[in-house]
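Understanding the architecture of this molecule
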Amino acid sequence: MKKKFEFSEADKQLVKEAVRELEQKTAGEMVVYFARSSDSYLMACWKLAGVFLTLYLSLIAVLSYLWLLPASASVLSICLLGIVTFLVGFAIPYFLHSLRVSFTPNEVVGHRVLTKARDIFLQEQVFDTGDRIGILIYISELEHQVQVLGDSGINAKIQQNDWNEILGLVIEGIKTNQPAQGIANAIKKCEALLLDNGFTNVVKPDNELSDDMRIED
């Protein structure tokens, strides 16, 4: 998959400083994870290949019914052309990753993004904080989707709907080709949300989760 966004050292430092400031001013611990995609969506390749083959067979049926098939067309040549048509239909989305997402239902894409976000929550041990106050901002580049997941200590006071403005700030940064700035703005807003809900700074272990942004290759 071609990488649309590359983060410079300055971008990484901008996000890291925003995370550090949030953790200094609030009781929360933050992890930012930038994924290239949340799934391969190969099913879309099979789907488009099936569509191509169906259209091809329908065309052959119509031409045969109307006696318009070339006299030179043999069963073998028709079958071989059908295989080529199927492979072309498979190859187009295989090499165009964004097309795979387009041929996948929105609810399936959303579920795949949420599922991987939950996997990353566990993988990065966001749950491994003393008072269960970890927060994950998960960005999936291919799908242009963002998820914010809070641990049980956070979710006791903050509902999922409360994260909507934070999601919007990340997406705005991506749309303006300034993903690092968008993420930093979202972290700042997250800091304000935590303070508004009583998650003020407390004495806690030194940096329970790394401040560095995780970026997939």
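Here we summarise the structure given alongside this text. Everything quoted here is computed from the prediction, not taken from an experiment.

Neighbouring strands of a sheet are bound in pairs by backbone hydrogen bonds; such pairs are parallel or else antiparallel. A sheet is described by the order of its strands in space; here four strands give the open sequence E3-E2-E1-E4, paired in mixed fashion. In the strand order of this sheet, the two ends are held by strand E3 (145-150) and strand E4 (214-215), each with one partner. Across two bridges, strand E1 (residues 29-35) lies against E4 in parallel orientation. In the strand pairing of E4, Phe 34 is matched with Ile 215. Running over the sheet, helix H5 (residues 106-123) touches E1, strand E2 (134-140) and E3 and is turned about 45° from E3. Those strands touched by helix H7 (residues 164-175) are E2 and E3, and its axis lies near 145° from that of E3.

With that settled, the discussion passes to the pattern of salt bridges. Taken as a whole, this structure holds 14 salt bridges when the rule is applied. With a shortest N-O distance of 3.1 Å, Asp 39 and Arg 112 are connected by a salt bridge. Taken as a pair, Asp 39 in the loop between E1 and helix H2 (43-65) and Arg 112 in helix H5 lie far apart in primary sequence, 73 residues in all. According to the relative accessible area criterion, Asp 39 is partly exposed, its value standing at 26%. A single salt-bridge network, built from bridges that share partners, covers Glu 21, Lys 25, Lys 188 and Glu 191.

On to a nonpolar patch on the surface, then. There is a patch of nonpolar side chains on the surface, built from Leu 42, Met 43, Trp 46, Tyr 94 and Phe 95 and spanning about 590 Å² of accessible area. Where the nonpolar patch is concerned, the elements lending two or more residues are H2 and helix H3 (75-95). Take Met 43: it is sitting in helix H2. Using a relative accessible area of 63% as the deciding quantity, one classes Met 43 as exposed.

Our focus in this paragraph is the pairing of E1. Burial of E1 is extensive: seven of the seven residues sit out of reach of the surface. Neither face of E1 is left uncovered, since the one carrying Glu 29, Val 31, Tyr 33 and Ala 35 and the one carrying Met 30, Val 32 and Phe 34 both have all their residues buried.

Put simply, helix H1 (residues 9-25) and helix H8 (residues 179-196) touch, their axes get as near as 9 Å, and they point 5° apart. Overall, the two elements H1 and H8 adopt an arrangement that is roughly parallel. When H1 is examined against H8, the residues Asp 11, Leu 14, Val 15, Ala 18, Val 19, Glu 21, Leu 22 and Lys 25 are found in contact with a partner set consisting of Ala 180, Gln 181, Ile 183, Ala 184, Ile 187, Lys 188, Cys 190, Glu 191, Leu 194 and Leu 195.

What follows is about H8. The terminal C-alpha atoms of H8 lie 26 Å apart, and with 18 residues this matches the ideal 26 Å at 1.5 Å per residue to within 8%. Of the residues making up H8, those classed as buried are Pro 179, Ala 180, Gly 182, Ile 183, Ala 184, Ala 186, Ile 187, Cys 190, Glu 191, Leu 193 and Leu 194. Looking at the buried positions of H8, the neighbouring elements they touch are H1, E1, E2, helix H6 (152-155) and H7.

Right, let's get into H7. Look at H7: 16 Å from first C-alpha to last across twelve residues, which is about the 16 Å you get at 1.5 Å a residue. Residues of H7 that are buried: Ile 166, Leu 167, Val 170, Gly 173 and Ile 174. All buried residues of H7 lie within an arc of 125° about the axis, which places them on one face of the element. Structurally, H7 contributes buried residues whose contacts are with E2, E3 and H8. In the segment just after H7, Asn 177 is the residue with positive phi, at about 60°.

Scoring rules and cut-offs
Residues numbered from 1 in each chain as written. Predicted model: local features only at pLDDT ≥ 70, side-chain atom pairs only at ≥ 80, totals over all residues. Heavy atoms only, no water. Pairing = 2+ DSSP bridges. Helix = DSSP H or I, 4+ residues; strand = E, 2+ residues; numbered from the N terminus. Contact = heavy atoms within 4.5 Å. Axes fitted to C-alpha atoms, helices over the stretch in contact; angles between N-to-C directions. Salt bridge = Lys/Arg side-chain N within 4 Å of Asp/Glu carboxyl O. Buried < 20%, exposed > 50% of the residue type's maximum accessible area, 1.4 Å probe, protein only. Patch = residues over 30% accessible without salt bridge, like charges linked within 9 Å, V, L, I, M, F, W, Y side chains within 5 Å. Areas by Shrake-Rupley, 256 points an atom, 1.4 Å probe, with all protein chains shown as cover. Parallel < 35°, antiparallel > 145°, perpendicular 65-115°, else oblique. Expected span 1.5 Å × (residues − 1). Arc of directions from axis to C-beta.

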